[in-house]
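Letter by letter, the chains look like this.
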Amino acid sequence: MKAKVGDTIVVEGTHVGDHRRIGVITAVPHEDGSPPYTVRWEDDQHEGILYPGPDTHIKTGA
């Protein structure tokens, strides 16, 4: 998985009742765009470090 600052990251719920989380990537520490990423989540504006799993995909920013 490769990403850049400004891309949207989507984590799908894996269990019944889980909700989808959407965030904006605010930092990518590796020049090649590989994880981990710093993400600001849309639902609560919390920022955290994310190591994406198989239920995660990137929507490229403008």
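This text follows the structure it describes.
**Section: the pairing of strand β1 (residues 8–11)**
Right, so step 1: As defined by bridge partners, β1 adjoins strand β2 (residues 21–27) across 4 bridges and the pair is classed as antiparallel. In the sheet register, I9 faces β2, and the bridge partner there is G23.
Right, so step 2: In terms of strand pairing, β1 meets strand β5 (residues 56–59) through 4 bridges, oriented antiparallel. Residue pairing for β5: V10 is matched across the bridge by H57.

**Structural notes on the environment of H30**
Right, so step 1: Tracing the chain through its elements places H30 in the loop between β2 and β3 (37–41).
Right, so step 2: With near-sequence residues (within four places) excluded, H30 lies in contact with P35 and P36.

**Some thoughts on the side chain of D7**
Right, so step 1: Mapped onto the elements of the fold, D7 is located in the segment before β1.
Right, so step 2: In terms of polar contacts, D7 uses its side chain to reach the backbone amide nitrogen of K4, at 3.0 Å.

**Some remarks on unusual backbone geometry**
Of all residues except glycine, most have a negative phi; of all peptide bonds, most are trans.
Right, so step 1: Here the amide bond leading from P35 into P36 is cis, since omega sits at 10 degrees, within 30 degrees of zero.
Right, so step 2: Here P36 shows up in the loop between β2 and β3.
Right, so step 3: For Q45, which is not glycine, the phi dihedral falls at a positive 60 degrees.
Right, so step 4: Within the secondary structure, Q45 is located in the loop between β3 and β4 (47–50).
Right, so step 5: Given the relative accessible area of 48%, Q45 is considered partly exposed.

Scoring rules and cut-offs
- Residues numbered from 1 in each chain as written.
- Predicted model: local features only at pLDDT ≥ 70, side-chain atom pairs only at ≥ 80, totals over all residues.
- Heavy atoms only, no water.
- Pairing = 2+ DSSP bridges.
- Helix = DSSP H or I, 4+ residues; strand = E, 2+ residues; numbered from the N terminus.
- Contact = heavy atoms within 4.5 Å.
- Polar contact = N/O pair within 3.5 Å; in protein donor to acceptor, adjacent residues only side chain to side chain.
- Buried < 20%, exposed > 50% of the residue type's maximum accessible area, 1.4 Å probe, protein only.

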